[in-house]
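# Structural overview
Read off the chains here:
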Amino acid sequence: MLEARSINTYYGPMHILKDVSLTIGQGEIVALIGANGAGKTTTLRSIVGLNTLKSGEIHYKGERVDGLPTHEILKRGITLVPEGRRVFPNMSVLENLLMGGYLVKNMSLVKERLERNWTLFPRLLERQNQLAGTLSGGEQQMLSIARGLMSEPDLLLLDEPSLGLAPILVERVMGVIQEINDMGKTVLLVEQNAYLALELSTRTYVLETGRVALDGVSLELMENEHVRRAYLT
Ligand code: ATP
């Protein structure tokens, strides 16, 4: 479904992504793990065209998409849920969700997607009229995922959805990601919490200082000596 071929990205003179290649198959949950600053966020930003590639190619559903403007890439069915629960704090939960579906002109489709979000996130339904800025951290995380779903993406890019959440909420968020995948959505999950990422995903890429150091079936990587020492202890 998505293939990055040997991509290189810079911030000014700093070479961040170094020949990163990865593939994501339809229906998979693929994880991208790595230490702080390894280049995980930059990989997501590169996929949606927020960072320009110096070289390499990105193909999505058989079409080359690197070089296209971000809105054109998103229009093809990709959504990025950025790190840090960026909700609109002075808008209600419902208004935040409607913002996520603003490109959808068909109101019955918007309603349908809202209903599905209420089923996935009953807590948001209870709080639909509350200002998003007054929600707890976990609820804001749910809201940013729910907002991402309003555009009905085929591929959901999630940047550190567990960051800063209490363990019980982390579990809930992970459960929701699994449900979203069960609905047929493909997921690329960026996580610093390697244990969670390996547990939830089918395949994992390990990024170290901008390079793919290792990749493989998540269950097998869990047993890998380097992964265990560097990420699971
Ligand atoms: P984190 O978990 O901390 O977000 P990450 O693996 O997602 O880490 P990136 O955010 O992709 O890492 O950052 C990769 C490298 O690029 C880091 O060295 C970071 O300092 C640098 N970097 C990120 N954003 C910028 C920017 N806007 N300008 C300059 N350098 C940046």
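A short tour of the structure in this document, coming up. (Residues numbered from 1 in each chain as written. Predicted model: local features only at pLDDT ≥ 70, side-chain atom pairs only at ≥ 80, totals over all residues. Heavy atoms only, no water.)

## Digging into the site of the ligand
Neighbouring residues of the ligand: 14 residues in total, closest Asn36, Gly37, Lys40, Thr41 and Thr42. Taking glutamate 160, its side chain carries an N or O atom lying 3.3 Å from an oxygen atom of the ligand. In isolation the ligand offers 630 Å² of accessible surface; the protein chains occlude 61% of this area. Among the elements of the structure, β2 (14-24) and α1 (40-47) are those that each provide at least two residues to the shell around the ligand. Grouping the amino acids of the shell around the ligand by side-chain chemistry returns 5 nonpolar, 6 polar and 3 charged. (Near = heavy atom within 4 Å. Polar contact = N/O pair within 3.5 Å; in protein donor to acceptor, adjacent residues only side chain to side chain. Areas by Shrake-Rupley, 256 points an atom, 1.4 Å probe, with all protein chains shown as cover. Helix = DSSP H or I, 4+ residues; strand = E, 2+ residues; numbered from the N terminus. Nonpolar A, V, L, I, M, F, W, Y, C, P; charged D, E, K, R; others polar.)

## Re the nonpolar core
Grouped together as the largest cluster of nonpolar side chains are 33 residues, with contacts concentrated most on Leu97, Phe121, Leu124, Leu143, Leu158 and Ile177. Taken together, the elements giving at least two residues each to this core come down to α3 (93-100), α4 (107-120), α6 (137-149), β7 (155-159), α7 (167-182), β8 (186-191) and α8 (194-200). Among the elements that line this core, the one with the most residues is α7, at 6 residues. Judged by nonpolar contacts, the second largest core, of 26 residues, contains Leu22, Leu32, Tyr60 and Leu188. (Core = buried A, V, L, I, M, F, W, Y, C linked by side-chain atoms within 4.5 Å. Buried < 20%, exposed > 50% of the residue type's maximum accessible area, 1.4 Å probe, protein only.)

## Overview of the pairing of strand β3 (residues 29-33)
Of all 5 residues in β3, 5 are buried; the element is thus mostly enclosed. Across the two faces of β3 the burial is the same, with Ile29, Ala31 and Ile33 and Val30 and Leu32 all buried. Two strands pair when backbone bridges link them, and β3 and β8 are joined in this way by 5 bridges, in the parallel orientation. Residue pairing across strands places valine 30 opposite leucine 188, the latter belonging to β8. Summarising the sheet, β3 and strand β9 (residues 203-208) pair through 4 bridges and their orientation is parallel. Residue pairing across strands places leucine 32 opposite tyrosine 205, the latter belonging to β9. (Pairing = 2+ DSSP bridges.)

## Some words on the environment of glutamine 192
You can see glutamine 192 is positioned in the loop between β8 and α8. When the C-alpha positions of glutamine 192 and glycine 34 are compared, they lie 6.2 Å apart, and in sequence the two are 158 residues distant.

## Points about α1
Burial analysis of α1 places 6 of its 8 residues in the buried class, the great majority of the element. Those residues of α1 lying buried are Lys40, Thr42, Thr43, Leu44, Ser46 and Ile47.

## Here's the deal with the packing of α3 against α4
Where α3 meets α4, the closest approach of the two axes is 11 Å, and the angle between their N-to-C directions is 125 degrees. The orientation of α3 relative to α4 falls into the category oblique. You can see that α3 and α4 cross each other, and the crossing is right-handed. Together, Val93, Leu94, Leu97 and Leu98 of α3 and Val110, Leu114, Asn117 and Trp118 of α4 make up the contact between the two elements. Here the contact of α3 with α4 is built from residues that sort into 7 nonpolar, 1 polar and no charged. (Axes fitted to C-alpha atoms, helices over the stretch in contact; angles between N-to-C directions. Parallel < 35°, antiparallel > 145°, perpendicular 65-115°, else oblique. Left-handed = near helix turned anticlockwise from the far one by under 90°. Contact = heavy atoms within 4.5 Å.)

## As for α3
Residues three or four positions apart in an α-helix share a direction because the helix packs 3.6 residues into each turn. Within the span of α3, buried status applies to Val93, Asn96, Leu97 and Gly100. Taken end-on, α3 shows its buried residues confined to a sector of 95 degrees, consistent with a single buried face. Elements in contact with the buried residues of α3: α4, α5 (122-126) and α6. (Arc of directions from axis to C-beta.)

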